[in-house]
Amino acid sequence: MKATLIIKNIDNLITLKGENKARVKEELKDIGLIKNGIIALNKDKILYVGEGELPSDITLDESTIILDGTGKTVTPGLVDSHTHLVHGGSRENELAMKLKGIPYLDILAAGGGIHSTVKATKNASFEELYNQAKKSLNTMLSFGVTTVEAKSGYGIDDFETEIKQLEVAKHLNEDHPVDIISTFMGAHAIPNAYKDNSDEFVDIIINDMIPKVAQKKLAKFCDVFCEEGVFTIEQSKKILLAAREYGMGLKLHADEIKPLGGAELAAEIGCISADHLIAASDNGIKEMAKNGVIANLLPGTSFNLQTGNFAKARKMIEEGVPVSLSTDYNPGSCPTENIQLIMSFGALIMKLTPEEIITSVTINGAASLGLEEKIGSLESGKQGDLVIFDSPNLEYILYHFGINHVDKVVKKGEIVYTKEK
Ligand SMILES: N=CN[C@@H](CCC(=O)O)C(=O)O
Ligand SMILES: [Zn+2]
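None of the values given here were measured: they were computed from a predicted structure.

Novice: I tried to follow the overall build of the chain on my own but got confused; where do I start?
Specialist: Counting its regular elements, the chain contains 15 helices and 16 strands. The globule rule puts the C-alpha radius of gyration for 421 residues at 22 Å, and the 21 Å found for the chain is close to it. In terms of its C-alpha atoms, the chain occupies a principal-axis envelope of roughly 70 × 45 × 45 Å. Among the 421 residues that make up the chain, the fraction classed as buried is 55%. Here the contacts in the chain between residues at least 6 apart in sequence split such that 72% fall between residues at least 24 apart.

If you want it as structure tokens, here you go:
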């Protein structure tokens, strides 16, 4: 079989080989490290992964791209499995409020926060949203992200804007090398018009919005912001069970600020992931472990909200919860596309090991999007998504924090990003 691209002499080839499933406990440490590694791709698929030289049945010709991995670390393409990629405007105006100690939920209740991005997203044209999201997607790609999840949720009761966001994501998925997995999140805030009757808005989401989003095939998942002053446990359950009827996978913004029992709900109804979990109860963590719900942790949000509270990542791992890590990129609670910074937070603040971190942003991130058979590890037959880091080892990427260590990104067998020297 002919190789179209090979990378040889790789100092540290991190394959994540193993079962195509979210890894737990000790499995999180088994990253399939190969020293002096070599990898061969045929078009968009991985052909061979091993040590030293290629086997003789893999042939090269003058069109084969040959890269040298000396001094480099190669990993699967990174998966950012929780973002609010498509939105209008920005919210730097909230910085001063935050520094004065005004809580995120108070800004939201006063009509700011998510509501101000709803206004900006409604006022933005399709092209403006497309260009703004494309710029962010380029930044994500430059940091090594090859697959990203993108939520709607800045239209809320303005369904046209919800659809506009999802259509932008759909077009970008077609036009841009990064794969985008869409999530419908109409239940992101209670619209002002339904402040005194949020159940009415829940009914609209269930009866009008979910069926239309499903019919247009615009979202693989449905998500709800289950939080004090936003959607209750009962409302979140109702919305997600309705979404399941329409074939959507379920996600939940759970226990981000107040311990409402979101982790328990995610376990009860079988969400693929519960995200945030800063205030998750010990019982909720146990229930998630029992039911295999992935804890998608977002330390950049804790950092930016400045509450000093972070999800109990170590406890979750000890209890057997599969964990993933994501940016939560959005204009309010976490305005950064830099997944490598989030990985450093995973180490420096959450005390995850380098092995646990790389597993969290590859195979476990893939599993939180239902993509573990296709991406998330470097094994023959899987999609040729990988990152070449200009870094002698994995630890260095986390330790030398806040900067970009990517040298090249390969997506579906093609070099789609090269760092300017
Ligand atoms: N918490 C709810 N949603 C987003 C924030 C959205 C925003 O502030 O615009 C999050 O996951 O952090
Ligand atoms: Zn979010």
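Novice: Even after reading the chapter, I still don't get the UniProt feature "binding site: 4-imidazolone-5-propanoate" (unreviewed entry) in the chain, so can you show me in this structure?
Specialist: The sites that carry the UniProt feature "binding site: 4-imidazolone-5-propanoate" (unreviewed entry) are, in the present numbering, Arg91, Tyr154, His188, Glu256 and Ser333. Mapped onto the fold, tyrosine 154 is located in the loop between strand 7 (145-151) and helix 5 (159-175). Structurally, histidine 188 can be placed in the loop between strand 8 (179-187) and helix 6 (198-215). In this structure histidine 188 touches Ile114, Gly153, Ile156 and Phe225, once residues within four positions along its chain are discounted.

Novice: It is not clear to me how the UniProt feature "binding site: N-formimidoyl-L-glutamate" (unreviewed entry) in the chain should be interpreted in this structure. Could you clarify?
Specialist: As recorded in UniProt, the feature "binding site: N-formimidoyl-L-glutamate" (unreviewed entry) lies at Tyr154, Asn330 and Gly332. Look at the named residues: they lie 179 residues apart in sequence, but the longest C-alpha span between them is just 11.8 Å, so in the fold they bunch up. A residue is classified by how many C-beta atoms lie within 10 Å of it, and tyrosine 154, with 31 of them, is buried. Residues in contact with tyrosine 154, not counting those within four places in the same chain, are His87, Thr117, Val118, Thr121, Thr161 and Gln165. Mapped onto the elements, asparagine 330 comes out in the loop between strand 13 (323-325) and helix 12 (339-348). Not counting the four nearest positions on each side in its chain, asparagine 330 is found in contact with His84, His87 and Pro335.

Novice: How should the domain arrangement of the chain be read in this particular structure?
Specialist: A common way to state how big an interface is: give the accessible area lost once the parts meet. In terms of domains, the chain is made up of domain 1 (5-76 + 378-418) and domain 2 (78-368). Each of domain 1 and domain 2 was reduced to a C-alpha centroid, and the two centroids are 29 Å apart. For the side of domain 1 that touches domain 2, the secondary-structure elements that each account for two or more residues are strand 5 (73-76), helix 15 (394-399), strand 15 (406-411) and strand 16 (414-418). If one sorts the elements of the side of domain 1 that touches domain 2 by residue count, helix 15 sits on top with four residues. By residue class, the composition of the side of domain 1 that touches domain 2 is 16 nonpolar, four polar and seven charged.

Novice: Hey, could you run me through the environment of serine 236 in this one?
Specialist: Relative to the elements of secondary structure, serine 236 occurs in helix 7 (residues 233-245). Separated by 193 residues in sequence, serine 236 and lysine 43 place their C-alpha atoms 43 Å apart. Those residues in contact with serine 236 that lie beyond four places of it in its chain are Val224, Cys226, Phe231, Leu252 and Leu265.

Novice: Help me understand helix 7 in this model?
Specialist: Since there are 3.6 residues in each turn of an α-helix, residues three or four apart along the chain are aligned in direction. An ideal rise of 1.5 Å per residue puts 18 Å on 13 residues; helix 7 measures up with 19 Å between its terminal C-alpha atoms. Of the residues making up helix 7, those classed as buried are Gln235, Ser236, Ile239, Leu240, Ala242 and Ala243. Within helix 7, the buried residues cover an arc of 160° as seen down the axis, which keeps them to one side. Projecting away from the buried face of helix 7 at angles above 90 degrees are the exposed residues Glu234 and Glu245. Buried positions along helix 7 lie against strand 8, helix 6, strand 9 (221-224), strand 10 (249-254) and helix 8 (262-269). Where helix 7 ends, the next residue or the one after it, glycine 247, has phi of about 85°, a positive value.

Novice: Sorry if this is basic, but what is going on with the sheet that holds strand 8 here?
Specialist: Two orientations exist for strands paired in a sheet by backbone hydrogen bonds: parallel and antiparallel. Taken in spatial order, the eight strands line up as 6-7-8-9-10-11-12-13 in an open sheet, and their pairing is parallel. Looking along the sheet, the strands with just one partner apiece sit at the ends: strand 6 (78-80) and strand 13. Across the sheet, the mean angle separating the axes of adjacent strands is 25° when strand polarity is ignored. Of the pairings in the sheet, the one linking strand 9 to strand 10 comprises two bridges and is parallel in character. Considered in strand 10, the bridge of phenylalanine 221 is made with glycine 249.

Novice: What am I meant to see in the packing of helix 6 against helix 7 here?
Specialist: Helices that pack against each other are described as a pair by the angle of their axes relative to one another and the distance between those axes. The contact between helix 6 and helix 7 brings their axes to 10 Å, and the two run at 5°. Judged by the angle between their axes, helix 6 and helix 7 are roughly parallel. Together, Ser198, Val202, Ile205, Ile206 and Ile210 of helix 6 and Gln235, Lys238, Ile239, Ala242 and Ala243 of helix 7 make up the contact between the two elements. A breakdown of the residues in the contact of helix 6 with helix 7 according to their chemical character gives seven nonpolar, two polar and one charged.

Definitions and limits used
- Sequence order as written defines residue numbering, which begins from 1 separately in each chain.
- Chains carry letters and ligands carry numbers; both start at the beginning, A for chains and 1 for ligands, and go up in the order they are written.
- Confidence filtering applies because this is a predicted model: local features only for residues at pLDDT of at least 70, side-chain atom pairs given and counted only at 80 or more, and all residues used for totals across whole chains, interfaces and linings.
- Comment: elements are numbered from the N terminus, with helices defined as DSSP H or I runs of at least four residues and strands as E runs of at least two.
- As a reference, a globule follows 2.2 Å times the number of residues to the power 0.38, and the radius of gyration itself is taken over C-alpha atoms.
- Counting other C-beta atoms within 10 Å of a residue's C-beta gives its exposure: the residue is buried at 20 or more, exposed at 12 or fewer, and partly exposed in between, where C-beta atoms are placed from the backbone.
- Contact between two residues is assigned when their C-beta atoms, built from the backbone, lie within 7 Å.
- UniProt positions are given in the numbering used here, feature names are shortened, and annotations may be inferred rather than shown by experiment.
- Domain delimitation follows an automatic or database domain assignment.
- We call Asp, Glu, Lys and Arg charged. Ala, Val, Leu, Ile, Met, Phe, Trp, Tyr, Cys and Pro are nonpolar, and the rest, Gly among them, are polar.
- By this rule, a helix spans an expected 1.5 Å times one less than how many residues it contains.
- In this description, one arc is meant: the one made by directions from the helix axis to the C-beta atoms.
- Here, any two strands with at least 2 DSSP bridges between them count as paired.
- Working convention: axes come from line fits to C-alpha atoms, limited for helices to the stretch in contact. Angles between N-to-C directions cover 0 to 180 degrees.
- Throughout, the term roughly parallel applies to angles under 35 degrees, roughly antiparallel to angles over 145, roughly perpendicular to angles from 65 to 115, and oblique to all others.

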